[in-house]
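What the coordinates show
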Amino acid sequence: MSYYFAIVGTQDAPLFEYEFGTSKQGHDGLSRFSDQVRHLNQFILHSSLDIAEEVQWAHGSMYLKCIDKFFDNYISCFVTGANVKFLLLHHPLNNTGGSGSRSSTAIGANPTSPATEEAIKLFFQEVYENWVKAVMSPFYQNNMEVKSPVFRQRVAAAGRKYL
């Protein structure tokens, strides 16, 4: 599965972006978005912001699960207490071979399965903990882009761990 993760501030500007692939079940952790689709990822995520804002008030929790679907891309959302949105665009694996029982239980096989939702929730929670540490820095200003290589490494580690 390929992932595009973005943190969007309260003024709908991207504060952090990271693209990666799954490293579970022998994959290399590299994104498999085609060049034609890669430049659309940011637009797809930003088009789901209105849906995220509608759902956040009705849902009552920080993790909003899968809020939108655009062709084969699914968008999951996590909203912080400061109304900063964590958006994860995930594109399922293309199963070109036969459908064996192992591929159907893989996290990337079904983006809306409970196992996938739980893995994404754990990813968001770990990134949120790191986000809180990053914004508590006295050098961070509200809605400022996060350029910390340590934060990027921690997001990458959370992606490898859960997704």
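See the structure shown above.
Sequence order as written defines the numbering, with residues in each chain counted from 1. Given that the model is predicted, a residue must reach a pLDDT of at least 70 before its local features are reported, and side-chain atom pairs must reach 80 or more before they are shown or counted; all residues, however, enter totals for whole chains, interfaces and linings. With hydrogens and water stripped out, all remaining heavy atoms of the structure feed into the side-chain values.

It is worth spelling out the environment of I75 at this point. The secondary structure listing takes helices from DSSP runs of H or I that are at least 4 residues long and strands from runs of E that are at least 2 residues long, numbered from the N terminus. Counting through the fold element by element, I75 comes out in strand β4 (residues 73–79). When residues no more than four places from it in sequence are discounted, the contact partners of I75 are I44, L45, S48, K65, C66, I67, D68, L87, L88, L89 and H90. The contact rule is simple, with two residues in contact once any of their heavy atoms fall within 4.5 Å.

By convention a nonpolar core is built from buried Ala, Val, Leu, Ile, Met, Phe, Trp, Tyr and Cys residues, the set being connected through side-chain atoms within 4.5 Å. Think of it in three bands: residues with accessible area under 20% of the maximum for their type are buried, residues over 50% are exposed, and the middle band is partly exposed, with areas taken using a 1.4 Å probe on protein chains only. Ranked by internal contacts, the top residues of the largest apolar core, which has 27 residues, are F5 and F123. The element contributing the most residues to this core is helix α5 (residues 114–135), with six residues. Contacts of F5, omitting those with residues within four sequence positions, involve F16, E17, Y18, F20, F86, L87, L88, F123, F124, V127 and V155. Ranked by size, the runner-up nonpolar core spans 14 residues in total, among them Y4, I44, V79 and L89.

If you walk across this open sheet you meet the five strands as β2-β1-β5-β4-β3, and the pairing is antiparallel. Each of the sheet's edge strands pairs with one partner strand only, and the pair in question is β2 (14–21) and β3 (63–70). Within the sheet, the average angular offset between the axes of one strand and its neighbour, ignoring direction, is 20°. For helices, the fitted axis covers only the stretch in contact; all axes are lines through C-alpha atoms, and the angles between them, taken along N-to-C directions, range from 0 to 180 degrees. α5 contacts β1 (2–8), β2, β3, β4 and β5 (85–91) of the sheet and is inclined by roughly 140° relative to β5. Sheet strands in contact with helix α6 (residues 149–162) are β1 and β2, and its direction is about 40° off that of β2. Strand pairing is defined by DSSP finding a minimum of two bridges between the two strands.

Take the packing of α5 against α6 next. Contact pair α5 / α6: the axes reach a minimum separation of 9 Å and the direction vectors enclose 165°. As the angle between them shows, α5 and α6 are arranged roughly antiparallel. Relative to α6, α5 is oriented so that their crossing is right-handed. For the pair formed by α5 and α6, the contact residues are A119, L122, F123, E126, V127, N130, W131, K133 and A134 on the first element and F151, R154, V155, A158, G159, K161 and Y162 on the second. Amino acids are sorted into nonpolar (Ala, Val, Leu, Ile, Met, Phe, Trp, Tyr, Cys and Pro), charged (Asp, Glu, Lys and Arg) and polar (every other residue, Gly among them). A class-by-class count of the residues in the contact of α5 with α6 yields ten nonpolar, two polar and four charged. Roughly parallel refers to an angle under 35 degrees, roughly antiparallel to one over 145, roughly perpendicular to one between 65 and 115, and oblique to any angle outside these ranges. Left-handed describes a crossing in which the near helix is turned anticlockwise from the far one by less than a right angle; the clockwise case is right-handed.

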